[in-house]
Structures are given as C-alpha cells and as structure tokens.
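# Examination of the molecular architecture
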Amino acid sequence: MSWAFLRDLLSGVNKYSTGIGRIWVAVVFMFRLLVYIAVAENIWKHEHDEFECNIKQPGCENVCFDHFFPVSHIRLWALQLIMVSTPSLLVVFHVAYRENREKHHNQKLYRKPGKIDGGLLCTYLISLILKTGVEIVFLVLFYKLYNGFKIPHLVKCDIKPCPNTVDCYISKPTEKMIFLYFLVAPSCLCIILNLSELSYLIFKYSIKCYLKRHMKKQQ
Amino acid sequence: MGEWSFLGDFLEKVHKHSTVVGKVWLTVLFIFRMLVLGTAAESSWGDEQSDFMCDTQQPGCENVCYDKAFPISHVRFWVLQIIFVSTPSLVYMGHAMHTVRMEEKRKMKEAELEAQEKKNGGDTYYQQKCSMAEKEAKLSGWDEAGGQIILRGSLLNTYVYSILIRTAMEVAFIVGQYVLYGIFLETLYICQRAPCPHPVNCYVSRPTEKNVFIVFMLAVAVLSLFLSLAELYHLGWKKAKERCSRAYKASPSTAPGRLESAPQAERAQMYTPPPDFNQCLSSPNGKFISPFSNKVASQQNTANFATERVHGQEDAAGEGPFIKSSYVESPEVASECAAPAFPENYFNEKRRFSKASRASSKARSDDLSV
C-alpha cells in the first residue's frame, strides 16, 4: 500500500497552514502515519490465522472472529487516517481556484492567493471543523465497536455452529493494545491542536475586524 | 523500507542545520538503525509467532504464552525508539524553519521598503529601517552569506533542549529494553498461563540470529547516546564561551571580588599593558617599539594588586572605578588609541588621562612601571 500520495498531499497542505497547522501535519506524519506503516500493519497481518478457538468444529473459528472483529482495528485506523487528511484538500482546492481565477482574469485579484483571508479563511475553518468531527467520530466508533480500548487475550463465543461456549484466544493482545493507545493518544492530541487552531484563527480575525471598524469609525 | 523515507525526508532538513556531531548522530541513525531495521531485522522477526512452538496441543496455549513472553516485539520496540529519539530533532527543525521563514519575511519587507523609498526618495528613513532590520537579522541568527542558520540565542537553547530530551529518551529505551527482555534471548521459555494445563516448554524461533541483532541495536543505541553526550559537552562549552564574551561586552569592568579569586599569575598577565598602548608609543618610523619588558610590568602589577586589594572594596561600594575597560575590548581601543586598561589603584586618584599623556613617551611617576 503506497502512502506516498497522502504524504504528498499533506506536504502541499503544509504550505497554506498556520504554525499550529504545521505541528498538526508533523504529528500526523510522525505519530500516526509512520507508526501505522512501520508497525501496525505487521502486528495485525495474520490476526485471523492466529485467532484460535478451543474447538475442532469447522467454521466455529470463522464465525467467532467475525463476531468479535466486524471491522479489523487496522482497517478502521487506515480509514481514519485518510478521512482526517481529506478536509485539508478543500484548502488546496480553494487556493488552486484563486490562482486559476487570477490567471483567467490576467490581473492580481488577491494580495496573495495562499494567504488565509476572506473566503479562504472560511474554507480553512470548515476544514478544521470537519477534521475534528472525523476524529471524534472515529474515536467513538472504536470505543463502541470494541467495548473500550482494551483487547482481552480470551473471549468466549457461543454462536452457531459452535456447539457450546467456546474459549477463543486472540493473538498478541498486549502489543495490539499498546498500539491502540498509540492510535488514541495522537488522535486526542490532534483534536486539541485543531480546536486551538480554530480558536486562534477566530480570535485573530475578529480582532482584525474590530480594529478595522474602529479605524473606519475614527475616520 | 519505504516507510522510513517519510522520516528520512524530515531528518534531511535537520541534517542541514546541525553541528558536526549532530550530523554524525543523524548518519548513525539513518544507516545503523533505520536501514538495518527496515531490511535485516524485520525479516528476522518475520515468523516470530508462527514459529514460536510450545510443547502442548492445548489450543490457545501458544497464543497466550507468546503474548506473555513478548508483550511487545523487539522490532516494534526499536521502531518506537527511533520515532521518540527523532522527535526532539523535529521540534528543533520546526524552530529553525520558523527562523528561516521570519528571515524570508524580513527580506521581503526590506525589498518592499527599498522599492517604496526609491519611489519617495526618502533616504534616511530607509537607512534607519535597514539598520534595524540588520540588527534583527543578527539576533535571529541568520548568516546572509552562507545561507546557514547560526546556532545562537533561542535557537541554540532549543537545540540543547532537544539533545537533552533525546538523551533522556535513549536512556529510557535502553533501560526499558533491559527491564523487558534482559540482554539476551533464551531459546527456551517456560510458560504457565491458562489455558495451558501445566508449565509448558516454549521454543523461540531463531534465537541466535535475534541475539546478534539485539546486541547490534543495543551497541548502536549506546553509540548514539555517547554522540548525544559529546554534542552536549561541545555545545555546553560553546555556550559558556558565548556567555563569557557577552558578560565582558555588557560590563567591561570586572568587580574586584572576582579579581581576587583568579590566580595571581593570571591577574598579573591580565594587567600587562595591551598592544594598542604600545602602538601609540611606536617610533615615527612606524616600527613597533616595546618601551618596557613584560617582566618588569608584571612585577609592578603584582605590587599594584597588593594596593588594589586594600582599596578594592571601597571602589566597589563607592563611586566606582573612574575608567573601566576590558582586554576583550582592546581591538576597539586600538582603533581609537584611547585609554588603555589600568589597574584600579589609578582610579583612586581620579586622574583623567589626557591625550597628551597617552601619546607621550615620557615615563611618569604614576604610570605603569617601565
């Protein structure tokens, strides 16, 4: 799986971000993308093969695994990474639209197409809200699907065709739990970064607006 | 291996703005840690669970025993170690990039100002702004000519803190590895955990090969730790020098109390007349003549120090020395041929040195002995 596309996308986003936005990109790269690619994929690679139930009944292991892991952690994690990075595309598109418009009209319409002001500010704020929303949704999803962020080493399963309540053993539960926390902690950090960037931008531009109005009144 | 290119790209930028020891550390990180981990170690640990065999047919026993033996695999542990050890460098890089960006903004502003002033034709204001901007650039630590960031001020602080945190992380991970696994991996692991019916022999796959890599990665971690400590020492030395030079620039006179703590020989040497004074007395031919020997001067200085010690406290408490100077500032003094440094007993007499006396080659009774 090539994540180079996501990397290039986020590098492009970096150009039009504030300082906090750049920290967000660095956190996403280092603590989420890199950890996912270098580590998580390998831990969850053979999770189905290594899932073992104390029974010889054919099909019992399959149904039990499917019951306890409707969507594997690793797939949800990948989806989260993609969905969290996508709202930043809105900003990139808007800047490209501005540059295109300037080219089309053959004159300088904006002070600087990449500067966060006016319409681009709204787009940026919307992207921040979307990013935060996606993070929260996925965290809640993880929590609900897997009953908290714990991975037990033993689960009891009594779904047909298992003839009775059967002990099933998950592979590498401790390691998986450690890296699940590695999913949750940077997620929470990213939420905090997004919220602080949001409040910073709103505060900065409301002060600007207020000062402009004040100057106009004085004149 | 492709996954490490993410981190590699980030660290390339850090490489540009590091000290020599920092560059060596980064090279060690790239080659001996990332490359080795990505190529060799991963494949060695590839079949770690599938080939982890327990002497039992009880379903689930192997799973739980593997989980107990390896709460976190060595390879994953080393990946985390690399990430945590690299993170402080990225914080430093963020600060450095911020400095670069501020510098670029300053240049743009300068260019704008220049264009504006050329239009308006107002020279003085532009010159003032330019000089202010230059001062800002100096403070920011940006070298125009080299396009390099100079490590000073807050950037140097960030760099030092990043190395401190990096060192702490290295130590933590080395200790953590020892606590989790000890140094070597044993072939046999005896496991007693439900649902295993009794203590069961479990056999680790490829223990010798794994041990080779464990020892290698441990050695590289210790080497990195050593390099970090060497860099800290080098920077600490640099910072101490910077502080000393700043202290001399800020307050040229050294307090009498401080003088007393220095050894006498040093003090004697400090107070031999500076070359600039001699140059003032040079012959009309332009040849440099030293009218007195250092030995005689140092003897006089020793005597002067004795006097100084007595009067030192008074000077400090009272109106203070009449003329303050420092040997660090002697280059400036040389250009002006202004007042040279004199021991403090002269200050008691509050005598202003006239230009005539400086230029004169006549020995006066109160001057340093000749």
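An unreviewed UniProt entry lists chain B under the name Gap junction protein, with Dicrurus megarhynchus as the source organism. Under Subunit (unreviewed entry), UniProt gives the following word-for-word description of chain B: "A connexon is composed of a hexamer of connexins."

Identification of chain A as Gap junction protein from Dicrurus megarhynchus is taken from an unreviewed UniProt entry. The Sequence similarities (unreviewed entry) comment attached to chain A in UniProt states, word for word, "Belongs to the connexin family." Per its UniProt entry, chain A bears the Subunit (unreviewed entry) comment "A connexon is composed of a hexamer of connexins."

## As for the UniProt feature "domain: Connexin N-terminal" (unreviewed entry) in chain B
Under the local residue numbering, the UniProt record ascribes the feature "domain: Connexin N-terminal" (unreviewed entry) to residues 43–76 of chain B. Strand forms 6% of residues 43–76 of chain B and helix 41%; the C-alpha atoms that close the span are 13 Å apart.

## A few points about helix α5 (residues 87–105) of chain A
Owing to its 3.6 residues per turn, the α-helix brings residues three or four apart onto one side. Residue and element names in this part refer to chain A. In a regular helix each residue adds 1.5 Å, so 19 residues correspond to 27 Å; α5 covers 28 Å between its end C-alpha atoms and thus fits that length. All of the buried residues in α5 are P87, S88, V91, H94, V95, R98 and E102. Down the axis of α5, the sector holding all buried residues measures 150 degrees, keeping them to one side. Facing away from the buried side of α5 by more than 90 degrees, the exposed set consists of F93, N100, K103 and H104. Close packing links the buried residues of α5 with α1 (4–15), α2 (19–43), α4 (73–85) and α6 (119–145). Once α5 ends, the next one or two residues include N106, with phi positive near 60 degrees.

## Observations concerning the interface of chain A and chain B
Each partner contributes to the interface: chain A provides 29 residues, whereas chain B provides 31 residues. With both chains or domains summed, chain A and chain B bury close to 2,700 Å², and 66% of this area falls on carbon and sulfur atoms. Sorting the residues of chain A by area buried against chain B places M30(A), L34(A) and Y169(A) first, and these three jointly supply 21% of that buried surface. Applying the counting rule to chain A against chain B returns 1 salt bridge. Linking chain A with chain B are 6 residue pairs in polar contact (both at pLDDT 80 or more), by the criterion used here.

## Considering the state of the cysteines
Under the defined criterion, the tally for this structure stands at 6 disulfides over all chains. A sulfur-sulfur distance of 1.9 Å marks the disulfide that ties C53(A) to C168(A). Taking the sign of the S-S torsion, about 105 degrees here, the bridge from C53(A) to C168(A) comes out right-handed. Placement of the pair is C53(A) in strand β1 (residues 52–53) and C168(A) in strand β3 (residues 166–169), with a sequence separation of 115 residues. Taken as a pair, C53(A) and C168(A) share a single burial class, namely buried. A disulfide bridge connects C54(B) with C202(B), and the sulfur atoms are separated by 1.9 Å. Between C54(B) and C202(B) the disulfide shows an S-S torsion of about 105 degrees. By sign, it is right-handed. Separated by 148 residues along the polypeptide, C54(B) in strand β1 (residues 53–54) and C202(B) in strand β5 (residues 200–203) bring together distant segments of the chain. Note on C202(B): relative accessible area 0%, which makes it buried. The closest cysteine sulfur to the non-disulfide-bonded C190(A) is located on C188(A), 9.4 Å from its own sulfur.

The rules behind the values
- Residues numbered from 1 in each chain as written.
- Chains lettered and ligands numbered in written order.
- Predicted model: local features only at pLDDT ≥ 70, side-chain atom pairs only at ≥ 80, totals over all residues.
- Heavy atoms only, no water.
- UniProt positions renumbered as here; feature names shortened; annotations may be inferred.
- Helix = DSSP H or I, 4+ residues; strand = E, 2+ residues; numbered from the N terminus.
- Expected span 1.5 Å × (residues − 1).
- Buried < 20%, exposed > 50% of the residue type's maximum accessible area, 1.4 Å probe, protein only.
- Arc of directions from axis to C-beta.
- Contact = heavy atoms within 4.5 Å.
- Buried area = accessible area lost by both parts, 1.4 Å probe.
- Salt bridge = Lys/Arg side-chain N within 4 Å of Asp/Glu carboxyl O.
- Polar contact = N/O pair within 3.5 Å; in protein donor to acceptor, adjacent residues only side chain to side chain.
- Disulfide = S-S within 2.5 Å.

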